Structure formats: C-alpha cells, structure tokens
Amino acid sequence: MNLPDSSLTTLDIISTCLAELLGRPTLRVALRQRAKFEGWLKVELAHALETKGASVALEFGIQGTSYRADVRADFHEAGRVIMMLKTINTNFRFRSVMPRHRPITRNISGIIEDLTKLRSSTSPDARLAIFPIFPVAGQTTTRDAQLAPYLERIRLSGGTLERSGFVVPPSSAGDWGVAWFIVQVQPGDFAKIPENRRG
C-alpha cells in the first residue's frame, strides 16, 4: 500500500477519492436512471482509501450505539474517521436523464438522521456524512440555487461543510452533473478531523 503524499490532509485524501469515483463511466446507467448506488460507493471508497494507506473496515459499529458506520478508515498518525454514505437523487429535469419523481426532501432527512447517529458516538473518531447529489445543474449559480435550502437544513442540524465538489460524468453533455459534499458533525464535545499535515 502507498502512503498518501505528506502534503495531503485526511479530508483531501477522501475528497480526491470521491471525485475520481463519481466520474467513472461505471455509473452511467445509475445516473441516467436516478438510481441510488450507496453499496457500490461504500465498497469502492473503502478500496480507494486502502490504496492510499488507510486501514479500512466496512459496517463498523459506532461506539456507544447500536448503529453502524458504512466505512471506518484509520489513517494512523492522522487519526480515524467514521463515515456514513448517502446518494441523493433529485427530480431536477435534464434532457439525457430519465424523468422520475425523487423526493430530495426525504433524502436530506436521511442525512440529518445520519448526523444524529454519528453525534451519538462515544469514540474520539472524527465523524463524516458523505453524499453525492444528482442530477444537478452544470451551471454554478443555478446549481447553488437548487441546493442552498437543503444545505442550510443540514447546517442547522449540526453539520459543518468541510469539502464539496462537482463532477460532470461522461454521460452528460455538461448541462448536469453530480455535486458531492463532505459534512462533519459540528465540533464542541465531538471529534474534529485534524487539519495538521501527515508526515
């Protein structure tokens, strides 16, 4: 296994892996049909993080609770992270995506539930909710307007946005894509991902 570049933080490593995975042609059918793909993302993200030097466990019990995190990654001297994953499908209409009704409000409620589960952990591990949202507009101002009310709900529920990005998949002409977000339970009595450099 290769250790990550010493100039990268834990969040940088996770972000790089996530952006690469969401751009893969493998997702063409799922994105076109607005189908969720948490299981695929869990397995592929775990593999990607392992190749970056992390020790990874799937379906890891959240300490002090009956819940399970989708992925736990131990970055050794940079600390451990437990992650809950959701894939959020929308009903925003685009020409090359099948028109289907997908209740984004209910999907966002699922993320808020994950934040509550992560917050209840009694371990010192940092806690992240990771979620791609698709399809969303390729144009930045339109996309920001589409997502702002939902991200505000997450913020008000105790989530701190740590990283975000946007991927135009091979199946898109550029008018739509996948926005992704990494949110951490707000600090206080809770663990905070160290921003110190590895090395």
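It should be emphasised that the depicted structure is a prediction, and the values quoted were computed from it without experimental measurement. (Residues numbered from 1 in each chain as written. Predicted model: local features only at pLDDT ≥ 70, side-chain atom pairs only at ≥ 80, totals over all residues. Heavy atoms only, no water.)

A. Layout of the side chain of arginine 72. Its location among the elements puts arginine 72 in strand 2 (residues 68–74). A relative accessible area of 18% means that arginine 72 is categorised as buried. Side chain to side chain, arginine 72 and aspartate 125 meet in a polar contact 3.1 Å long. Contact partners of arginine 72, with chain neighbours within four places excluded, come to Ser55, Val56, Ala57, Phe60, Arg80, Val81, Ile82 and Asp125. (Helix = DSSP H or I, 4+ residues; strand = E, 2+ residues; numbered from the N terminus. Buried < 20%, exposed > 50% of the residue type's maximum accessible area, 1.4 Å probe, protein only. Polar contact = N/O pair within 3.5 Å; in protein donor to acceptor, adjacent residues only side chain to side chain. Contact = heavy atoms within 4.5 Å.)

B. Representation of the packing of aromatic side chains. By the definition in use, this model includes three aromatic pairs. Ring geometry for phenylalanine 37 against phenylalanine 134: centres 5.4 Å apart, planes inclined by 40°, an arrangement best described as tilted. On the criterion of sequence distance, the pair formed by phenylalanine 37 in the loop between helix 2 (28–32) and helix 3 (38–51) and phenylalanine 134 in strand 5 (residues 126–137) is long-range, its members being 97 residues apart. The same class applies to phenylalanine 37 and to phenylalanine 134, which are both buried. (Phe/Tyr/Trp six-rings, centres within 6.5 Å; stacked < 30°, edge-to-face > 60°.)

C. Highlighting the confidence of the model for the chain. Per-chain confidence: the chain averages 88 in pLDDT, with 89% of residues scoring 70 or above. Confidence, read as mean pLDDT per element, is least for helix 4 (residues 104–119) in the chain (92) and greatest for helix 3 (97). pLDDT under 50 marks residues 1–7. Its contacts with residues more than four places away, or in other chains, come to 17 contacts. Long-range and interchain partners of residues 187–199, a stretch whose pLDDT sits below 50, account for 38 contacts in this model, where long-range means more than four residues apart. (pLDDT = per-residue confidence, 0-100.)

D. Spatial organisation of unusual backbone geometry. A cis amide bond links phenylalanine 134 to the next residue, proline 135, at an omega of -15°. Tracing the backbone through its elements, the reader meets proline 135 in strand 5. The phi torsion at arginine 34 lies on the positive side, around 55°, for a residue other than glycine. Inspection of the secondary structure puts arginine 34 in the loop between helix 2 and helix 3. Exposure remark for arginine 34: the relative accessible area of 1% places this residue in the buried category. A positive phi angle, close to 60°, is found at histidine 76, a residue other than glycine. Positionally, histidine 76 belongs in the loop between strand 2 and strand 3 (80–85). We classify histidine 76 as partly exposed; its relative accessible area is 38%.

E. Structural detail: helix 3. The terminal C-alpha atoms of helix 3 lie 20 Å apart, and with 14 residues this matches the ideal 20 Å at 1.5 Å per residue to within 8%. Turning to helix 3, its buried residues are Leu41, Lys42, Leu45, Ala46, Ala48 and Leu49. Along the axis of helix 3, the buried positions cluster into a sector of 165°, meaning they face one direction only. Its buried side turned inward, helix 3 meets helix 1 (10–22), strand 1 (55–61), strand 2, strand 3 and strand 5. Phi turns positive one or two residues past the end of helix 3, at glycine 53, with a value near 105°. (Expected span 1.5 Å × (residues − 1). Arc of directions from axis to C-beta.)

F. Molecular detail of the packing of helix 4 against helix 5 (residues 140–156). Taken N-terminus to C-terminus, the directions of helix 4 and helix 5 make an angle of 25°; their axes are 10 Å apart at the nearest point. Judged by the inter-axis angle, helix 4 sits roughly parallel to helix 5. Our pair here, helix 4 against helix 5, has a crossing hand that is right-handed. Touching Ile104, Thr105, Ile108, Ser109, Ile111, Ile112 and Leu115 of helix 4 are Tyr150, Arg153 and Ile154, all from helix 5. For the contact of helix 4 with helix 5, the residue count by class is seven nonpolar, two polar and one charged. (Axes fitted to C-alpha atoms, helices over the stretch in contact; angles between N-to-C directions. Parallel < 35°, antiparallel > 145°, perpendicular 65-115°, else oblique. Left-handed = near helix turned anticlockwise from the far one by under 90°. Nonpolar A, V, L, I, M, F, W, Y, C, P; charged D, E, K, R; others polar.)

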